[in-house]
Amino acid sequence: MIFTHPLLLWPAAALALLALALGLRAQVRPGLGVRVVGQRPLLQGLGLALLLGGTGLGLAEPRWGAIEVPRLTVHVVADVSRSMLVPDCAGATRWQAAAAVLDRLWSGPNPGVRFSLQLLTGDAVLLMPAGEDQPLLRDALRAVQVGSVGSPGTSLGHGLAQAAALAGPREPAVMLLLSDGEETVEARAEAMKRAAAALRAAGLPLYAIAFGQPTPQPVPVPAQEGALFSTAQPGFLRDLAQASGGRLLRPGEDPAALFQALAQGREPMPMARSLLPAHPEWGAWVALAGLALWLLAAGRPMRAWRPILGLALALGLARPARAGLPVPQSIQAWAAQHALERGDLAAAQRWRPRGDTPAHRLLAAQIDLRGGNLQATLDTLAPMTGQGTPRPMPPWRAPALLMAARALARLNRPGESQALLERLLLEQPGRPEASHDLQTLLPDPAPPPPAPPKPPPPRPSNGAREDEEEGLRQRLPSRPHVSGGIKDL
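Residues numbered from 1 in each chain as written. Predicted model: local features only at pLDDT ≥ 70, side-chain atom pairs only at ≥ 80, totals over all residues. Heavy atoms only, no water.

Asker: I keep staring at the layout of surface pockets and nothing clicks. Help me out?
Answerer: To find leftover empty space, one rolls a probe the size of a water molecule over the atoms. Estimates place the volume of the largest pocket at around 2,000 Å³. Around the largest pocket, the lining comprises 48 residues; the ones closest to its centre are Arg114, Ala130, Gln366, Arg370 and Arg406. Considering each element in turn, the lining of the largest pocket owes the most residues, seven residues, to helix α16 (residues 397-410). Partitioning the lining of the largest pocket into residue classes produces 22 nonpolar, 13 polar and 13 charged. (1 Å grid on protein atoms, 1.4 Å probe; cavity = no way out; pocket = protein on both sides within 12 Å on 5 of 7 lines; lining within 4 Å. Points joined across faces, edges and corners; volume = space filled by probe spheres on them. Helix = DSSP H or I, 4+ residues; strand = E, 2+ residues; numbered from the N terminus. Nonpolar A, V, L, I, M, F, W, Y, C, P; charged D, E, K, R; others polar.)

Asker: Looking at this structure, how should I read the pattern of salt bridges?
Answerer: Applying the stated criterion across every chain, the model contains 13 salt bridges. We note a salt bridge from Asp139 to Arg142, for which the minimum N-O separation is 3.0 Å. Remark: Arg142 and Asp139 occur in helix α5 (residues 134-142); sequence separation between them is three residues, near one turn of the helix. Residue Arg142 is classed as exposed on the basis of its relative accessible area, which comes to 55%. Put simply, Asp239 and Arg238 hold a salt bridge, and the shortest N to O gap is 3.9 Å. Taking the relative accessible area as the measure of exposure, Asp239 reaches 37% and is therefore partly exposed. A cluster of three or more residues bridged by salt bridges with shared partners is formed by Asp103, Arg138, Asp139 and Arg142. (Salt bridge = Lys/Arg side-chain N within 4 Å of Asp/Glu carboxyl O. Buried < 20%, exposed > 50% of the residue type's maximum accessible area, 1.4 Å probe, protein only.)

Asker: Please clarify how the packing of aromatic side chains should be interpreted in this entry.
Answerer: The geometry of an aromatic ring pair is captured by two quantities: the separation of the ring centres and the angle between the planes. In the structure shown here, the tally under the stated rule is two aromatic pairs. Note on Phe115 and Phe259: the rings are 6.2 Å apart at their centroids and 65° apart in plane angle, and the pair reads as edge-to-face. Taken together, the residues Phe115 in strand β4 (residues 113-120) and Phe259 in helix α9 (residues 255-263) connect sequence positions 144 residues apart. Accessibility assignment for this pair places Phe115 and Phe259 in one class, buried. Within the aromatic cluster, the residues linked to one another by ring pairs are Trp106, Phe115 and Phe259. (Phe/Tyr/Trp six-rings, centres within 6.5 Å; stacked < 30°, edge-to-face > 60°.)

Asker: So what exactly am I meant to see when it comes to the sheet that holds strand β10 (residues 247-248) here?
Answerer: The strand order across the open sheet built from six strands is β5-β4-β3-β6-β7-β10, with neighbouring strands paired in mixed fashion. For this open sheet the edge positions go to β5 (124-131) and β10, each flanked by a neighbour on one side alone. For β4 and β5, the ladder comprises five bridges, and the chain directions are antiparallel. Within β5, the residue paired with Phe115 across the bridge is Gly131. Lying on the sheet, helix α8 (residues 234-243) is in contact with β6 (173-179), β7 (206-210) and β10; it crosses β7 at an angle near 170°. (Pairing = 2+ DSSP bridges. Contact = heavy atoms within 4.5 Å. Axes fitted to C-alpha atoms, helices over the stretch in contact; angles between N-to-C directions.)

Asker: For this particular structure, what's the right way to read helix α3 (residues 41-60)?
Answerer: Because an α-helix packs 3.6 residues into every turn, residues spaced three or four apart end up facing the same way. With 20 residues, α3 should cover 28 Å at 1.5 Å per step; its first-to-last C-alpha distance of 28 Å lies within 8% of that length. Among the residues of α3, Pro41, Gln44, Gly45, Gly47, Ala49, Gly54, Gly56, Gly58 and Ala60 are the ones counted as buried. Where α3 ends, the next residue or the one after it, Glu61, has phi of about 60°, a positive value. (Expected span 1.5 Å × (residues − 1).)

Asker: Quick question: what am I supposed to make of α9 here?
Answerer: With eight of nine residues buried, α9 is to be regarded as a mostly interior element. Taken together, the buried positions of α9 are occupied by Pro255, Ala256, Leu258, Phe259, Gln260, Ala261, Leu262 and Ala263. For α9, the secondary structure elements touched by its buried residues are β3 (72-79), α4 (94-107), β4, β6, β7 and β10. Sitting at the amino-terminal end of α9 is Asp254, which places a side-chain oxygen 3.2 Å from the backbone nitrogen of Ala256. (Polar contact = N/O pair within 3.5 Å; in protein donor to acceptor, adjacent residues only side chain to side chain.)

Asker: Explain the packing of helix α12 (residues 329-341) against helix α14 (residues 358-370) to me, please; I cannot follow it from the model alone.
Answerer: A pair of packed helices is characterised by two quantities: the angle between their axes and the separation of those axes. Packing of α12 against α14 brings their axes to within 11 Å, and their N-to-C directions diverge by 40°. It follows from the interaxial angle that α12 and α14 lie oblique. Note on packing geometry: the crossing formed by α12 with α14 is left-handed. Where α12 approaches α14, its residues Gln329, Ser330, Ala333, Ala336, Gln337 and Leu340 are matched on the opposing element by His360, Leu363, Gln366, Ile367 and Arg370. Partitioned by chemical class, the residues of the contact of α12 with α14 number five nonpolar, five polar and one charged. (Parallel < 35°, antiparallel > 145°, perpendicular 65-115°, else oblique. Left-handed = near helix turned anticlockwise from the far one by under 90°.)

As structure tokens, then:
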């Protein structure tokens, strides 16, 4: 069993053992008051130990079971330095082999998995934000020109740290690196330390695929730059992946199957990004059992309270309704947000806030959109997606327009969805999410029809040809006439 906060188990266990030891000591050497009242210290100590242990167990949040909503974000980082042009992958270049892996990955369905695409040289360059438009990712991949993107060289230390900073803090996410593993900007030990520290701080496991041969290979560069050689370093990628909690994929291993296992909770992830449901209620049941045992062993003073407590417990079990006192909307929003982060959609719907503040409306609309209640999403966002908006632009405007546009697109109303996305781009130009969603809505332009063949030039008629010959004869100089006899003097 795994826990969200395992460190809380140790103080809880220590306090439980202390309570049990004190109860045992009091049972062995009972005082006069204990004998008069009729208390049973050993059972009281056991009850108090169960109460403290159950409290610690609930706060540590044990996790198990199947997830309700498979989801995962894969941040793809592709090395596009000039060393990827080396043709040492069965006749293909390293980049061609890496592009083939990504093309196969994005050619098939990946339910519940989103992908982003970043290019790595001396820096990390974000090419596509996280989304589910796999054809658009494949088109973006074909437009990449290896060796002409970003700064020269390959800096895995700085580039992976920059790429990890773009990942969300608590979303289920991993990083996929496709590279030859060659570091050219700083020492390999420094790059390892920098990249591993950034990945561990972000809680982002790295899964790597290595390309190239671990022997010096010539890099195809212009002759004026001199001879350059590149050596693939799969061992460096393996050590870096293991230091971050991931691993180096085996040759021929399908990354799509790995991502599905991660999205469905069949493969472990860091606890900050775990998808397994938490069950703190089991700690509460243990604590309640300990409290009941302590009350039963408390002696004569508690006998008068036992019927009242038993009746309250019976009423609580028979009517497990929510408390009559209203729960503040801020607490409901907090509970719903945490339920969404751990993938518990049913709990998020139960704690869905109903306040009128922009933050509460955005959270309620997100819960409705996840649950497929599209019309409720539009109704909740209606006051936030109108034509007029205050200046400067409030931070809730863009998420509201994006969620409303996605709900309209799923309702097969692409025209209205396109209008909302265009409105967002007019209000906030350069929003990558709006541009991405708008490109998925617009149909691919149809190629123009082929031009009709030109007709052959008309053949001149015989009459026109005779007229042309007659004109030529008239323009030519006439020959002088020579008589056949001798001219007399």
